[in-house]
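Here is what each chain is made of, one letter per residue.
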Amino acid sequence: MPEFTTAQVHAGETREAAHGARVTPIYLTAGFEFDSFANAEERFGGDVPGYTYSRSGNPTAASLERRVAALEGGREAIAVGSGQAALTVALLGLVQSGDHLLSAQSVYSGTRGLFETGLKRLGVQVEFVDGPGDPEEWRRRIRPNTRALFGESIGNPGNDVLDIAAVADVAHQNGLPLIVDNTLATPYLLQPGEHGADIVVHSASKFLGGHGSALGGVVVDQGSYDWGVSPFEHLRAPDDWLHGDSYVGAYGRGAYIAFARSVVASLFGPVLSPVNAFLIQQGIETLSLRLRQQSDTALAVARWLERKPEVASVDYAGLESHPSHDLARRYLPRGAGAILGFTLVGGAAAAQRFYDAVTLFSRMTHIGDVRSLILHPATTTHAHLQRDVREATGIGDGLLRLSIGLEDPTDLIADLERGIAAVTGQAGVAATTATTPNREPRLVVAAGN
Ligand SMILES: *Cc1c(COP(=O)(O)O)cnc(C)c1O
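Per chain, the residues get numbers from 1 upward, laid out in the order the sequence is written. For a predicted model such as this one, the threshold for reporting local features is a pLDDT of at least 70, and the threshold for listing and counting side-chain atom pairs is 80 or more; totals across whole chains, interfaces and linings nevertheless cover every residue. Think of the side-chain values as coming from all heavy atoms in the structure, minus any hydrogens and water.

A few points about the site of the ligand
Stated formally: Think of it this way: one heavy atom of a residue within 4 Å of a molecule or strand is enough to make that residue near it. N or O atoms within 3.5 Å of each other form a polar contact, as long as, within protein, one can give a hydrogen and the other can take it, and as long as residues adjacent in sequence are counted only when both atoms are side-chain atoms. Each accessible area is a Shrake-Rupley result for a 1.4 Å probe, and residues are judged covered by the shown protein chains and nothing else. Strands are runs of DSSP state E lasting at least two residues, helices are runs of H or I lasting at least four, and both sets are numbered from the N terminus onward. Amino acid classes used here: Ala, Val, Leu, Ile, Met, Phe, Trp, Tyr, Cys and Pro are nonpolar; Asp, Glu, Lys and Arg are charged; the rest, including Gly, are polar.
By nearness alone, 14 residues border the ligand, and G83, D181, S203, S205 and K206 come closest of all. In the model, a nitrogen atom of the ligand is placed 2.7 Å from a nitrogen or oxygen of the D181 side chain. Here an oxygen atom of the ligand sits 2.7 Å away from a polar atom, N or O, in the side chain of K206. Burial of the ligand by the surrounding chains reaches 93%, relative to a free accessible area of 380 Å². Of the residues forming the shell around the ligand, the biggest block, 3 residues, is contributed by helix α4 (residues 83–92). The class makeup of the residues in the shell around the ligand is 4 nonpolar, 7 polar and 3 charged.

Following this line, the structure appears as structure tokens:
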């Protein structure tokens with residue numbers, strides 16, 4: 001396996017033979033022509049390699065799948081239309097009505113919605129572990145019908161880092177797989193599979209794509225979990241589509257991803273457009289450069305915010321003051337990522353003034369963009385939660401979340417200074433009293449939305 005930065009530009013690429021196109025082309029086609037009557041039957045039956053219809057496989061998407069699998073050190077991946085689709089496919093590949101999942105408390109709001117609304121209607125129960133840092137609680141709360149443990153490598157916006165190795169041990173001692181959403185860390189900062197995660201999920205709409213232009217999602221099977229001795233009967237039972245063979249019989253360690261692809265993704269149908277697969281792959285080629293710089297800038301911004309009297313607390317695992325700092329040092333030696341939260345002393349009113357005062361940060365619900373973004377979770381992504389649940393996940397009225405992009409840190413801090421000035425009633429003088437007195441902010445950017 002080549003080094004990460006080599007793999008991010010080469011792994012999985014398709015060398016197109018007809019014209020020698022160097023970049024994997026966008027194969028924007030619904031279907032693929034069969035050579036003959038016999039060839040159609042063979043390709044459908046999987047007896048000869050080749051694509052049939054883009055809902056079940058497409059060369060541009062396949063190239064992305066191979067690249068993400070390589071970067072995660074995984075066995076095989078499947079790319080789908082969004083991060084939510086990736087979570088849905090990953091979980092519906094495992095659970096059925098009557099099953100139970102155990103999740104860390106602080107998960108992405110869409111994931112929580114999927115658990116509490118989407119899966120609940122299908123008869124799948126999800127429970128949340130209150131102290132995800134306590135392996136004993138995970139162990140205690142496993143039930144006979146629990147089918148998997150779930151967590152995020154870095155929680156958002158609280159920045160709590162999952163002790164993947166500890167939770168993986170509990171999962172494996174109980175014969176269960178651990179699923180980790182690695183969206184915030186990306187494989188450049190952390191490979192959950194190295195620490196025992198069996199399935200890794202991504203919203204590729206965030207850092208993998210990086211440009212904020214295309215949605216996508218990826219599920220990676222690390223190849224570590226033995227589906228043949230698992231509680232997943234649907235992978236071990238004879239299946240009509242496999243002419244009476246089982247997924248384990250036909251695919252061995254690849255049973256789960258084959259089922260997730262041919263039954264869940266292909267029949268529920270959350271297909272990734274080949275255009276989006278192309279854009280995400282383009283993004284991945286600069287992943288290490290972006291994450292390195294975005295992590296460095298996020299740390300500088302976090303340190304700056306921490307010194308402000310108007311700021312009550314800063315949630316960034318790269319800070320020594322953060323409860324996950326030791327875990328971050330262990331799991332995230334290259335940087336603690338680009339997402340941070342901070343809580344203003346003045347609560348909701350201060351958050352509103354701050355939010356409306358910035359001009360370089362874009363007011364958006366998105367993360368992982370090359371542009372810096374700001375969000376007030378309590379009134380947007382987390383507005384539907386009961387106050388006590390919301391506050392239990394660390395989201396108070398004064399909390400703002402930042403996704404740090406690639407702008408110069410000086411300009412970002414000058415913009416945050418504008419927010420602080422609005423909070424203290426100093427708006428108007430803010431732009432000229434930024435941290436670098438000798439240097440006016442160079443950029444005057446209209447507020448993005
Ligand atoms: C955004 C996000 C998702 C959902 O991804 P989409 O591409 O928006 O569907 C899932 N998990 C995490 C951690 C995310 O940040």
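Brief notes about the packing of aromatic side chains
Keep this limit in mind: Pairing of aromatic rings covers Phe, Tyr and the six-membered ring of Trp, with a centre-to-centre limit of 6.5 Å; geometry is then stacked below 30 degrees between planes, edge-to-face above 60, and tilted otherwise. Here's how the labels work: a residue is buried when its accessible area is under 20% of the maximum for its type, exposed when over 50%, partly exposed in between, all with a 1.4 Å probe on protein chains only. Ring-over charges, as used throughout, are those where CZ of Arg or NZ of Lys falls within 6 Å of the ring centre and within 35 degrees of the ring normal.
For the coordinates displayed, the defined rule picks out 12 aromatic pairs. With centroids separated by 5.4 Å and ring planes inclined at 40°, the aromatic side chains of F32 and Y51 adopt a geometry described as tilted. You can see F32 sitting in the loop between α1 (4–10) and α2 (37–45) and its partner Y51 sitting in the loop between α2 and α3 (59–71), a full 19 residues away along the chain. In this structure Y51 comes out as partly exposed when scored by relative accessible area, which is 29%. Here F115 and F128 contribute two aromatic rings whose centre-to-centre distance is 6.2 Å and whose plane-to-plane angle is 45°, an arrangement assigned as tilted. Remark: F128 occurs in strand β3 (residues 125–129) and F115 occurs in helix α5 (residues 109–121); sequence separation between them is 13 residues. There is no split in this pair, since F115 and F128 are both buried. What links up through ring pairs into an aromatic cluster is the set Y225, W227, F232 and Y256. In this arrangement the basic side chain of K206 is found over the ring face of Y108, its NZ or CZ atom lying 4.8 Å from the centre. Above the ring of Y355, the side-chain terminus of R363 is found at 5.9 Å from the ring centroid.

What about the domain arrangement of the chain?
Note the cut-off: What counts as a domain boundary in this text is fixed by an automatic or database domain assignment. Buried area adds together the accessible area that both of two parts lose upon being put together, with accessible area traced by a 1.4 Å probe. By convention in these notes, a salt bridge is any Lys or Arg side-chain nitrogen within 4 Å of a carboxyl oxygen on Asp or Glu.
As assigned here, the chain comprises domain 1 (4–276) and domain 2 (287–424). Distance from the C-alpha centre of domain 1 to the C-alpha centre of domain 2: 29 Å. Between domain 1 and domain 2 the total buried area reaches about 3,100 Å² when both faces are included, carbon and sulfur atoms providing 62% of it. Taken together, the connections running from domain 1 to domain 2 amount to 1 salt bridge. Scanning the region where domain 1 abuts domain 2 turns up 15 residue pairs in polar contact (both at pLDDT 80 or more). Elements that contribute at least two residues to the side of domain 1 that touches domain 2 include exactly α1, α5, α7 (164–173) and α8 (186–189).

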